[in-house]
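Chain residues, written in single-letter form:
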Amino acid sequence: MAQWWRERFAERPWWMNLLMAFCGYMALIHMPVDFFLRSPARAEEVWLGIVFRGWAAKLTEPLHWAIFAVGAYGFWRRRPWMWPWASLYVWQVSFAMLVWWIVYRGGFLGFLLALISAALFAAIAIALWRAKDHFQRPRETMRQRYGEWALVTGASAGIGEEFARALAQEGMSCVLTARREDRLRGLAAELERLCGVATRVVSIDLADPSGADRLCDAVADLEISLVVANAGFGFAGRFEKQDTARLRDMIQVNCVAPVVLAKRLVPPMRARRRGALIVSGSIAGRQAMPRHAIYAATKAFDQLFGEALWAELRGTGVDVLVVEPGPTATEFRQVAGETHFAGEPASDVVALALDAVGHQPSVIHGWFNWARAKAVAIVPRSLAILVTEDFVLQQTPEEMR
Ligand SMILES: NC(=O)c1ccc[n+]([C@@H]2O[C@H](COP(=O)([O-])OP(=O)(O)OC[C@H]3O[C@@H](n4cnc5c(N)ncnc54)[C@H](OP(=O)(O)O)[C@@H]3O)[C@@H](O)[C@H]2O)c1
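Right, let's walk through the structure included here. Note that the structure is predicted; figures quoted are calculated from it, not measured.

### Observations concerning the pairing of strand 2 (residues 50–53)
Piece 1. Summarising the sheet, strand 1 (residues 44–47) and strand 2 pair through 4 bridges and their orientation is antiparallel. Considered in strand 2, the bridge of Glu-44 is made with Arg-53.
Piece 2. Hairpin connection from strand 1 to strand 2: 2 residues lie between these consecutive antiparallel strands, with Leu-48 at a positive phi of about 50 degrees.

Structural data, given as structure tokens:
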């Protein structure tokens, strides 16, 4: 635990840690206390050096609160948008200090304090301006970081197909696997032509209990450095109406296959002290999902499995990440038998995953999905489940409800 905190704080210079701690304190303690416990009559907020009082202050408090929360998060995660906004915001504070001391203190002392405090904040603003690299998390290509070969399951469509494209663009040779061989061959030709990487196509049904093992046998001669355990499918409908064989296949593909792949392909990575496993989870795994009961359970399995493995493999050189997409524009809905609705581009999900691997155990795609997942964790479970049921029902065909 102490080691974990040390590693987190070692990611940025000491002065930036202080700014982050200050923002965290303001967002988590000062602003909530101020907002909920201080009456409007006693409220005071300073904007651009001008003091607002009463309701004018009370109504603008949430904006200050949000700024500190966003700042704390941005420093913690070293988000790219922190540059230039953090610096510009602090320039604004520097100007505000000048105004505040001159307007509300005045005289020679006020003028002197205005200059000193404005200079102090200007120094922080300059430091933030020059710290652009800290927010860019420069990263090596996946090939430089992990090695030559990636294996992507479910590469014939959707998120898996985009993973293969992105990894090939980062120089990785790809084992492409799924059942539809024609699609895999088309993708392999594209990657070889456009990215100049090697490919291997392995057509296998992961619902077959021996499928994942046969896949590992088929790549035994390759040094697999990165595994994307992505193949998966859903099945919309009331549990009692669902076909048992298909549910069994779903558990096999969504849960058993990632476990077998991890069991067989991670130990050689560990021995080389280099490699990564990315598991496609889902925000569906964050709560029970009536009319998608088994699918949500398989995704909860993926998430808990991947996150636990992340902890077990820390310090071994092998990174684990569970990527949790929300609704994504792929063939998923059609395969699951849901009524159609739009989703986010699969390439965005993949870009997020490749940015997050090696930095955290799991990542949720999209701020709305993130907020929903966090909300689900704090509201009563029965409420979360029933609201989810309402939502899922809208996508479930009449005959399967
Ligand atoms: N799309 C979403 O809204 C969404 C949201 C959250 C999470 N996810 C997760 O993301 C992953 C990828 O889904 P997607 O959205 O990209 O769906 P997709 O477009 O339907 O692709 C699914 C992939 O899995 C493969 N697959 C399915 N059954 C298989 C089997 N029995 N054996 C081998 N491969 C099999 C499919 O290939 P073949 O049919 O050729 O075998 C296909 O390549 C899944 O794990 C899914 O749970 C998706």
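### Some thoughts on the site of the ligand
Piece 1. Near the ligand, the surroundings consist of 31 residues, among which Ser-156, Arg-179, Arg-180, Tyr-295 and Thr-330 are the closest.
Piece 2. Within the side chain of Asp-205, one N or O atom sits 2.8 Å away from a nitrogen atom of the ligand.
Piece 3. At a separation of 2.6 Å, an oxygen atom of the ligand approaches a polar side-chain atom of Thr-330.
Piece 4. Considered on its own, the ligand offers 880 Å² of accessible surface; in the complex 96% of this is hidden by protein.
Piece 5. At the level of elements, helix 7 (158–169), helix 11 (293–312) and helix 12 (332–336) are the ones that each hand at least two residues to the shell around the ligand.
Piece 6. Looking at side-chain class alone, the shell around the ligand contains 14 nonpolar, 11 polar and 6 charged residues.

### Topic: the environment of Ser-210
Piece 1. Mapped onto the elements, Ser-210 comes out in the loop between strand 5 (199–203) and helix 9 (211–218).
Piece 2. For Ser-210, a relative accessible area of 33% puts it in the partly exposed group.
Piece 3. Along the chain, Ser-210 and Glu-192 lie 18 residues apart, while their C-alpha atoms are 29 Å from each other.

### Some points on the pattern of salt bridges
Piece 1. What the rule picks out here adds up to 23 salt bridges.
Piece 2. The closest approach of N and O atoms between Lys-58 and Glu-61, which form a salt bridge, is 3.4 Å. Residue Lys-58 and its partner Glu-61 are both found in helix 3 (residues 55–77); the two are separated by 3 residues, about one turn of the helix.
Piece 3. Its relative accessible area of 7% is what places Lys-58 among the buried residues.
Piece 4. With relative accessibility at 0%, the residue Glu-61 sits in the buried group.
Piece 5. Salt-bridge contacts for Glu-161 lead to Arg-165; the nearest nitrogen and oxygen are separated by 2.9 Å.

### Section: a nonpolar patch on the surface
Piece 1. Judged by side-chain polarity, Val-70, Tyr-73, Trp-81, Trp-85, Leu-88, Trp-91, Ile-126 and Trp-129 come together as a nonpolar surface patch covering roughly 820 Å² of accessible area.
Piece 2. Those elements giving two or more residues to the nonpolar patch turn out to be helix 3, helix 4 (82–104) and helix 5 (107–130).
Piece 3. Relative to the helices and strands, Trp-81 is located in the loop between helix 3 and helix 4.
Piece 4. With relative accessibility at 36%, the residue Trp-81 sits in the partly exposed group.

### Brief notes about the sheet that holds strand 3 (residues 149–153)
Piece 1. As summarised here, the arrangement of the 7 strands in space is 5-4-3-6-7-8-9, forming an open sheet in which the pairing is parallel. Strands with a single pairing partner mark the edges of an open sheet, and in this sheet they are strand 5 and strand 9 (362–364). Geometrically, the sheet is characterised by an average inter-axis angle of 15 degrees between neighbouring strands, direction not taken into account.
Piece 2. Sheet topology note: the strand 7 (residues 275–280)/strand 8 (residues 318–324) ladder contains 6 bridges and is parallel. Note on strand 8: the bridge partner recorded for Leu-277 is Val-320.

### Description of the packing of aromatic side chains
Piece 1. If you walk through the whole model with that rule in mind, you get 16 aromatic pairs.
Piece 2. With a centroid separation of 6.0 Å and 55 degrees between ring planes, the pair formed by Trp-4 and Trp-76 is classed as tilted. A residue pair is termed long-range when its members are at least 10 positions apart, and Trp-4 in helix 1 (residues 2–9) and Trp-76 in helix 3 qualify at 72 residues.
Piece 3. According to the relative accessible area criterion, Trp-4 is partly exposed, its value standing at 24%.
Piece 4. Its relative accessible area of 25% is what places Trp-76 among the partly exposed residues.
Piece 5. The structure contains a cluster of three or more aromatic residues connected by ring pairs, namely Trp-4, Trp-5, Phe-9 and Trp-76.
Piece 6. Sitting over the ring of Trp-83, Lys-132 keeps its end group 4.4 Å from the ring centre.
Piece 7. Between Arg-246 and the ring centre of Phe-235, over which it is positioned, the NZ or CZ distance is 4.3 Å.

### Observations concerning the environment of Glu-161
Piece 1. For Glu-161, the location among the structural elements is in helix 7.
Piece 2. For the pair Glu-161 and Val-227, spaced 66 residues apart in sequence, the C-alpha separation works out to 14 Å.
Piece 3. Contact partners of Glu-161, with chain neighbours within four places excluded, come to Gly-154, Ala-155, Ser-156 and Leu-187.
Piece 4. A distance of 2.9 Å separates a polar atom in the side chain of Glu-161 from a polar atom in the side chain of Arg-165.

### Remarks on the state of the cysteines
Linking two cysteines covalently via their sulfur atoms produces the bond known as a disulfide.
Piece 1. Per the counting criterion, the structure on display carries 0 disulfides.
Piece 2. Unpaired in terms of disulfides, Cys-174 finds its nearest cysteine sulfur in Cys-195, a separation of 8.2 Å.

### Focus on empty space enclosed by the protein
Piece 1. Per the stated rule, a full pass over the model turns up 1 cavity of 30 Å³ or more.
Piece 2. Space inside the largest cavity adds up to approximately 40 Å³.
Piece 3. In terms of residues, the lining of the largest cavity owes the most to one element, helix 15 (residues 381–393), which gives 3 residues.

Conventions adopted
- Residues numbered from 1 in each chain as written.
- Predicted model: local features only at pLDDT ≥ 70, side-chain atom pairs only at ≥ 80, totals over all residues.
- Heavy atoms only, no water.
- Pairing = 2+ DSSP bridges.
- Helix = DSSP H or I, 4+ residues; strand = E, 2+ residues; numbered from the N terminus.
- Near = heavy atom within 4 Å.
- Polar contact = N/O pair within 3.5 Å; in protein donor to acceptor, adjacent residues only side chain to side chain.
- Areas by Shrake-Rupley, 256 points an atom, 1.4 Å probe, with all protein chains shown as cover.
- Nonpolar A, V, L, I, M, F, W, Y, C, P; charged D, E, K, R; others polar.
- Buried < 20%, exposed > 50% of the residue type's maximum accessible area, 1.4 Å probe, protein only.
- Salt bridge = Lys/Arg side-chain N within 4 Å of Asp/Glu carboxyl O.
- Patch = residues over 30% accessible without salt bridge, like charges linked within 9 Å, V, L, I, M, F, W, Y side chains within 5 Å.
- Axes fitted to C-alpha atoms, helices over the stretch in contact; angles between N-to-C directions.
- Phe/Tyr/Trp six-rings, centres within 6.5 Å; stacked < 30°, edge-to-face > 60°.
- Lys NZ or Arg CZ within 6 Å of the ring centre and 35° of its normal.
- Contact = heavy atoms within 4.5 Å.
- Disulfide = S-S within 2.5 Å.
- 1 Å grid on protein atoms, 1.4 Å probe; cavity = no way out; pocket = protein on both sides within 12 Å on 5 of 7 lines; lining within 4 Å.
- Points joined across faces, edges and corners; volume = space filled by probe spheres on them.

Interpretation in functional terms is not warranted from these geometric data alone.
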